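# Structural characterization, general
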Protein chains: 2
Amino acid sequence: MIPVSQQLAIGIDIGGTNTVFGIVDHRGEIKYRGAISTKKHQTIDTFIDELYVAMAPAIEHVGGVEHIKGMGIGAPNGNYYTGTIDYAPNLNWKGIIPLAKIINDKFNLPAALTNDANAAAVGEMMYGAAKGMRDFIMITLGTGVGSGIVINGQLVYGHDGFAGELGHTIVIPGGRKHWSTGVHGCLEAYTSATGVRLTALELMEKNPETDTLLRNYPENQIDSRVVYDCAIQGDEMAKEVYRYTGEILGLALANAVMFSSPAAIILFGGLCKAGDLIMAPTKEHMEKNLLTIFQNKVKLIYSELKEADAAILGASALVWELK
Amino acid sequence: MIPVSQQLAIGIDIGGTNTVFGIVDHRGEIKYRGAISTKKHQTIDTFIDELYVAMAPAIEHVGGVEHIKGMGIGAPNGNYYTGTIDYAPNLNWKGIIPLAKIINDKFNLPAALTNDANAAAVGEMMYGAAKGMRDFIMITLGTGVGSGIVINGQLVYGHDGFAGELGHTIVIPGGRKHWSTGVHGCLEAYTSATGVRLTALELMEKNPETDTLLRNYPENQIDSRVVYDCAIQGDEMAKEVYRYTGEILGLALANAVMFSSPAAIILFGGLCKAGDLIMAPTKEHMEKNLLTIFQNKVKLIYSELKEADAAILGASALVWELK
């Protein structure tokens, strides 16, 4: 029997393009890591077969399966209660995929599954900026906007396992149409990388006379990175893109604070690279929209997990919570 | 020693005008009830003195203080963690009032305090429509809009005890200014009794040519009750007032569902008397604004507590959770 303190956890993060995995110890050190393509697999069966082949040497490397407590998986639309991926829009596998069971059958290890933002929140609580916190909200600002909510020290799954979709809450009724859901004015339509690109295009179109470095790029190359590059060169319109993004994010965070009153909100993902360009207006508008009793109390901070490691760490952290 | 099943709980609800109290058994039966004025007391000391005098015969009536497990109090801005009332705008007592301690010193009974909407949620879980539910949200639609959120079977207090202020979340950025907080576009500005009155006045002013029964009333008499009376007589503008109120409430509920994915949302308070006039558009717009994975899952139901009893029952229910 391996002592608990020496047990290891496997973390798997399934993205639309690639799947990354790692074997992690109690302190959050990744002992071994690897990746396979998600996209090339039209069926879950061939995906699992390749994953098994890719992971077998890793498992041997750490001394065999008896050293491993279980497998945690972060996946789009992953449901913790049922262990299924339900109708994930960005995966080839359609319908309801009983992934935890498939993994369990193939690897003979207990498996827990949730979505990637929830996994990131558990990872942050176990290894990162939320260590010891009982109430916090993790917001991932990447291609999309995800969230993981921790209340009383527990991740909030809701009655059906799908809680925490802050990116799809409506902040501007009748506002910008979401490219995938068709809903108008949701947070993700503004504060994701895609949202930043759309805000830049809108500002350029609305202000054709205004000089901006953004016009040096062809339209299809305008992305959150280009906007950042222009902004740090002092370009006013590019700075305005991030200011506006922060204004909307701050409003949404104020609403989240008045709902669950967390000790901290932790920001994670690509847009965080913009630093104070987005953080300063976000904080300003969060505070401005808060009821007095909530003002100047909530810490707005960055994730302490390295972005390259966070997905694996978050997924692996689910394992330590397995009964 | 009194057996636990025969213990009683005192519930006290402190409102801006009156304070009601009752002695309640485990099944939610109110054995004794009474009330005193809140408003006439300029200081907390004279208030507590009168409360003590008013309750002494009630406590004797049930056999003495040894039959009572504790006292639960619902009060505006009541904080569960600190046992204090903090800067309640509608009470004469300013600043921070250490009410749980004051009650404990005076009555020699353990005391727990929270705000009225949180107390209502605990009451609903203990005695009402949420019996056995682990995830639900209670929305009180009265003079103001309050909420109590239960996740994993626990009331959500947040890191500071103030969670659950859904009425102050912003649903229409830049929208109607709140009469008390000055914030624009919060839920309470639209879906409280005051909000219904303001919507009616706005509609009348914007449509001066439209015939409506509402014009039979002087402006200062237009309230949610008058709008209801006109609506059930078939008045189109009055019906539109409730439809619009439901549209905004439905949007806010959709956002709440995408946050914490409750099994049910329970509506309580004066506006519920409008029945389907408000319930039908609320349900329609909640479903319409939900991401597909959340649709047609959440029960939208009325409280099962009698309105006259709910405040006492809710406050008393806090006692059963005392350690």
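Predicted model, so just to flag it, every value in this text is computed and none were measured.

## Section: the environment of E304 of chain B
All names here are of chain B.
- For E304, the position within the fold is in the loop between strand 13 (299-302) and helix 9 (307-320).
- Residue E304 is classed as exposed on the basis of its relative accessible area, which comes to 58%.
- For the pair E304 and V65, spaced 239 residues apart in the sequence, the C-alpha separation amounts to 30 Å.
- Here E304 is in contact with E124, G128 and A129, once residues within four sequence places are set aside.

## As for unusual backbone geometry
- Residue N152 of chain A is not a glycine yet carries a positive backbone phi of 55°.
- Tracing the backbone shows N152 of chain A in the loop between strand 10 (145-151) and strand 11 (154-155).
- N152 of chain A gets classed as buried once you look at its relative accessible area, which sits at 16%.
- Phi at S261 of chain B takes a positive value of approximately 45°, unusual for a residue other than glycine.

## A short note on the sheet that holds strand 2 (residues 18-24) of chain A
Residues and elements named next belong to chain A.
- Spatial ordering of the open sheet is given by 3-2-1-4-8, a layout of 5 strands whose pairing is mixed. Of all the strands in the sheet, the pair left with one neighbour each is strand 3 (30-37) and strand 8 (111-114). If you compare each strand with its neighbour and ignore which way they point, the axes differ by 15° on average.
- Bridge count for strand 2 against strand 3 is 7 bridges, and the pairing is antiparallel. Residue pairing across strands places N18 opposite S37, the latter belonging to strand 3.
- Those strands touched by helix 1 (residues 44-61) are strand 1 (8-14), strand 2, strand 3 and strand 4 (68-74), and its axis lies near 160° from that of strand 3.
- Contacts between helix 3 (residues 116-127) and the sheet are confined to strand 1, strand 2, strand 4 and strand 8, with strand 8 contributing the most and set at about 115° to the helix.

## Some remarks on the packing of aromatic side chains
Residues and elements named next belong to chain A.
- Overall, the coordinates contain 13 aromatic pairs over all chains when judged by the stated rule.
- Ring centres 5.1 Å apart and planes at 55° place the aromatic pair Y52 and F107 in the tilted group. With Y52 in helix 1 and F107 in helix 2 (residues 99-107), the pair connects residues that are 55 residues apart, well separated along the chain.
- Take Y52: its relative accessible area is 36%, and that puts it in the partly exposed class.
- Using a relative accessible area of 6% as the deciding quantity, one classes F107 as buried.
- Centre to centre, the rings of Y190 and Y244 are 6.3 Å apart; their planes meet at 70°, and the pair counts as edge-to-face.

## Some points on the pairing of strand 4 of chain A
Residue and element names in this part refer to chain A.
- Among the 7 residues in strand 4, 6 count as buried, and that is most of the element.
- Relative to strand 4, strand 1 runs parallel, the two sharing 6 bridges. Across the sheet, residue I10 finds its bridge partner in strand 4, namely M71.
- Pairing geometry for strand 4 and strand 8, over 4 bridges, is parallel. Its bridge partner lying in strand 8, G74 is registered against T114.

The rules behind the values
- Residues numbered from 1 in each chain as written.
- Chains lettered and ligands numbered in written order.
- Predicted model: local features only at pLDDT ≥ 70, side-chain atom pairs only at ≥ 80, totals over all residues.
- Heavy atoms only, no water.
- Helix = DSSP H or I, 4+ residues; strand = E, 2+ residues; numbered from the N terminus.
- Buried < 20%, exposed > 50% of the residue type's maximum accessible area, 1.4 Å probe, protein only.
- Contact = heavy atoms within 4.5 Å.
- Pairing = 2+ DSSP bridges.
- Axes fitted to C-alpha atoms, helices over the stretch in contact; angles between N-to-C directions.
- Phe/Tyr/Trp six-rings, centres within 6.5 Å; stacked < 30°, edge-to-face > 60°.

Structural measurements only, silent on function.
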